[in-house]
Amino acid sequence: MSKNSVFVYSDAFQTYKFHDRHPFNQLRVKLTYDLLQTLGALHDTQIVAPRLATDEELALVHDTDYIEAVKKAGRGQLPEEVALNYGLGTEDTPICPNMHEASALLVGGTLTAVDYVLSGKAEHALSLGGGLHHGFRGKASGFCIYNDSSVAIKYMQEKYGVRVLYVDTDAHHGDGVQWTFYDDPNVCTFSIHETGRYLFPGTGNVNERGQGKGYGYSFNIPVDAFTEDESWLAAYTEALTEIAYFFRPDVILTQNGVDAHYYDPLTHLSATMRIYREIPKLAHQIAHQYCNGRWIAVGGGGYDIWRVVPRAWALLWLEMTEQSDISGPLPEEWVARWQPHAPVSLPLEWDDPENLYSPIPRKAEITEKNAQTVMKALHPIRSNKQRLNL
């Protein structure tokens, strides 16, 4: 019997852990899971367990030598100088025990979501353990060992023969996924992120449009630092609406990093919970408009794990399951259970207060600059539409 939406989850997602002081902390997935269960918005019948991705599935994107290096690193058998050549043992991506198994589980969670949706068992699937969009073919980068979204897209192409629209709303550019499919006209990548002038990975410029047969299928909106809700949402809505119309995908895969929030310690944007209500609404609409409802969503960045991530990712599931009209207080039971563990005061409401931060002095300038960026990014498809109309 078909389920409308499934939630891929295991406590074992938390085994993807570098060390206690590292900003990437998968406790955020458990916090979100517990918030939804406390709310009564996630039922046992909707939860499915992830599986481990096989070496063959990982090799759809990653070099076999790299996969073996990750295995050896996790067993303490990889020399430091060799590890660094693979991006392992760095400050961002330190070596930790069983890192291959922990990483393969995150990839397997995303593949589980793919199979549920593309086999017709569900219309939508969410795997918050995934979204590790910086991993490259033979190198770890930016907290990411294996790139689950890239593996999932290759898997979808080979097993199901579909055209994929990849949408990345993380504050950091989705570089690993973009470069994997940079010459592929059957994968359209769209990333809206903080400009790389001051932020890792420094890519995602508006003129990165693809190459070869893939030219024109890569879209980037690098928004200015301190961008607020109105400008961010205007750019996202205008761009994604036109890109979806241009590409007309068979399935949509969204990466839902939530580090554009004002509270996030690693970025410089000024978004509030408002954008995390709106981001999944448009993705949901596009899934039904072009993809017969087929929508796969994964997690991503998000480094204020107490005040931002649980609310934002819960809102994603609530939209996916058509329960998004929620507002007002968070469940008192959830706040009481987790406040003793949190180093900050937990929010008491779903939405942020109006006065979350002081007014941004450059708001008008930033808004205009972002609008110009959108025009540049969409110019090729708008020009083509004009030629066709002629």
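Structural data are supplied above this passage.
The structure reproduced in this document is the subject of the present report. All of these numbers come straight from a predicted model, not from anything done at the bench. (Residues numbered from 1 in each chain as written. Predicted model: local features only at pLDDT ≥ 70, side-chain atom pairs only at ≥ 80, totals over all residues. Heavy atoms only, no water.)

Considering the packing of aromatic side chains
Any aromatic ring pair is given by two values, namely how distant the centres are and how the planes are angled relative to each other. Taken as a whole and assessed by the stated rule, the structure comprises 19 aromatic pairs. Between Tyr16 and Phe24 the ring centres are 5.4 Å apart and the planes differ by 70°, which places this aromatic pair in the edge-to-face class. Phe24 carries the same exposure label as Tyr16, and that label is buried. Following the ring pairs from residue to residue traces out a cluster consisting of Phe7, Tyr9, Phe13, Tyr33 and Trp317. A cation sits over an aromatic face here: Arg28 above Phe24, 4.5 Å from the ring centre. Above the plane of the ring of Tyr263 lies Arg307, whose end atom (NZ or CZ) is 3.8 Å from the centre. (Phe/Tyr/Trp six-rings, centres within 6.5 Å; stacked < 30°, edge-to-face > 60°. Buried < 20%, exposed > 50% of the residue type's maximum accessible area, 1.4 Å probe, protein only. Lys NZ or Arg CZ within 6 Å of the ring centre and 35° of its normal.)

Structural notes on helix α8 (residues 229–247)
Taking 1.5 Å of rise per residue, the 19 residues of α8 would be expected to cover 27 Å, and the 26 Å separating its terminal C-alpha atoms lies within 8% of that figure. With its phi angle positive at about 50°, Arg248 sits one or two positions after the end of α8. (Helix = DSSP H or I, 4+ residues; strand = E, 2+ residues; numbered from the N terminus. Expected span 1.5 Å × (residues − 1).)

Considerations on the sheet that holds strand β1 (residues 3–8)
With parallel pairing, the eight strands of this open sheet are ordered in space as β2-β1-β3-β8-β7-β4-β5-β6. Looking along the sheet, the strands with just one partner apiece sit at the ends: β2 (47–48) and β6 (218–223). One ladder, built from four bridges, connects strand β3 (residues 122–127) with strand β8 (residues 295–298); its direction is parallel. Within β8, the residue paired with Leu126 across the bridge is Ala297. Each of β1, β2, β3, β7 (251–255) and β8 touches helix α5 (residues 99–118); the most contacted strand, β3, lies at about 170° to it. (Pairing = 2+ DSSP bridges. Contact = heavy atoms within 4.5 Å. Axes fitted to C-alpha atoms, helices over the stretch in contact; angles between N-to-C directions.)

Comments concerning the pattern of salt bridges
Here the structure, examined in full by the defined rule, presents 20 salt bridges. Linking Lys369 and Asp224 is a salt bridge whose minimum nitrogen-to-oxygen distance equals 3.7 Å. A residue pair is termed long-range when its members are at least 10 positions apart, and Lys369 in helix α12 (residues 363–389) and Asp224 in the loop between β6 and α8 qualify at 145 residues. Overlapping salt bridges bring together Arg197, Asp224, Arg362, Glu365 and Lys369 as one network. (Salt bridge = Lys/Arg side-chain N within 4 Å of Asp/Glu carboxyl O.)

Concerning helix α6 (residues 148–160)
In a regular helix each residue adds 1.5 Å, so 13 residues correspond to 18 Å; α6 covers 17 Å between its end C-alpha atoms and thus fits that length. Those residues of α6 that fall on the buried side of the exposure criterion are Asp148, Ser149, Ser150, Val151, Ala152, Ile153, Tyr155, Met156 and Gln157. Capping the start of α6 is the job of one residue whose side-chain oxygen sits 3.3 Å from the backbone nitrogen of Ser149: Asn147. Looking one or two residues past α6, Gly161 carries a phi angle of roughly 65°, positive in sign. (Polar contact = N/O pair within 3.5 Å; in protein donor to acceptor, adjacent residues only side chain to side chain.)

Thoughts on the side chain of Thr195
Its place among the elements puts Thr195 in the loop between β5 (187–194) and β6. Judged by relative accessible area, which is 6%, Thr195 ranks as buried. Once residues lying within four places of it in the same chain are set aside, the contact partners of Thr195 are Pro222, Val223, Asp224 and Ala225.

Some remarks on the packing of helix α9 (residues 273–290) against helix α10 (residues 309–320)
For the pair α9 and α10, the least separation of the axes is 9 Å and the interaxial angle reads 30°. Regarding the angle of α9 to α10, the classification is roughly parallel. α10 is crossed by α9, and the crossing has right-handed handedness. Note on element contacts: α10 touches α9 through Arg311, Ala312, Leu315, Leu316, Glu319 and Met320, opposite Met273, Tyr276, Arg277, Pro280, Lys281 and His284. Split into classes, the residues belonging to the contact of α9 with α10 amount to seven nonpolar, one polar and four charged. (Parallel < 35°, antiparallel > 145°, perpendicular 65-115°, else oblique. Left-handed = near helix turned anticlockwise from the far one by under 90°. Nonpolar A, V, L, I, M, F, W, Y, C, P; charged D, E, K, R; others polar.)

Nothing here speaks to function; it is all geometry.
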